[in-house]
Amino acid sequence: MLSEEYPDLLKADGFDEAVIGVVERLGTQAICYDTEKVIEILMRDMSEEDAWEYFQYNIAGAWVGEHTPFFLTRDSFEKE
């Protein structure tokens, strides 16, 4: 479990099923969440538009220190 292995990392409450791993930045680690999965979880209680607005302002837009979680937006990149 991440909280046992990485006790200093900050979690986004209610989004455990969206965790995809741990990332490092400048010697600091942070939990990484799948943005699409976070939106799916939010949409259990609100519309898609409201979920995106809530996510952008209240979750992705929050800085809570060096262990602030990351949110990965997956995209497919085609080789040219």
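Note that the coordinates shown come from a computational prediction; the quantities given were computed from them, not determined experimentally.

## Some words on the overall build of the protein
Scanning the protein from terminus to terminus reveals 3 helices and 3 strands. Starting at the N terminus and walking to the C terminus, you meet the elements of the protein as α-β-β-α-α-β. Buried residues in the protein amount to 29% of all 80 residues. When contacts within the protein are restricted to residue pairs at least 6 apart in sequence, long-range pairs at least 24 apart make up 45% of them. Total accessible area computed for the protein in this model is approximately 6,000 Å², and 48% of it derives from carbon and sulfur atoms. In the protein, 6 side chains carry a positive charge and 19 a negative one; their mean positions are 5 Å apart.

## What to know about the pattern of salt bridges
In this structure the tally under the stated criterion is 5 salt bridges. The partner of Glu 17 in a salt bridge is Lys 37, and the shortest N-O contact between them spans 3.5 Å. With a gap of 20 residues between them, Glu 17 in the loop between α1 (2–5) and β1 (19–25) and Lys 37 in helix α2 (residues 35–42) connect regions that are remote in the sequence. Residue Glu 17 is classed as partly exposed on the basis of its relative accessible area, which comes to 47%.

## Describing the sheet that holds strand β3 (residues 70–72)
Pairing in this open sheet of 3 strands is mixed, and the strands run β1-β2-β3 from one edge to the other. Pairing within the sheet leaves two strands with one partner each, and these edge strands are β1 and β3. Mean inter-strand twist for the sheet, computed between neighbouring axes without regard to direction, equals 35 degrees. Across 3 bridges, strand β2 (residues 28–34) lies against β3 in parallel orientation. If you follow Asp 34 over to β3, its bridge partner there is Leu 72. Where α2 meets the sheet, it contacts β2 and β3, and its direction lies at approximately 55 degrees from that of β2.

Quick notes on the rules
- Residues numbered from 1 in each chain as written.
- Predicted model: local features only at pLDDT ≥ 70, side-chain atom pairs only at ≥ 80, totals over all residues.
- Heavy atoms only, no water.
- Helix = DSSP H or I, 4+ residues; strand = E, 2+ residues; numbered from the N terminus.
- Buried < 20%, exposed > 50% of the residue type's maximum accessible area, 1.4 Å probe, protein only.
- Contact = heavy atoms within 4.5 Å.
- Areas by Shrake-Rupley, 256 points an atom, 1.4 Å probe, with all protein chains shown as cover.
- Lys, Arg positive; Asp, Glu negative; His and termini not counted.
- Charge placed at Lys NZ, Arg CZ, Asp CG, Glu CD.
- Salt bridge = Lys/Arg side-chain N within 4 Å of Asp/Glu carboxyl O.
- Pairing = 2+ DSSP bridges.
- Axes fitted to C-alpha atoms, helices over the stretch in contact; angles between N-to-C directions.

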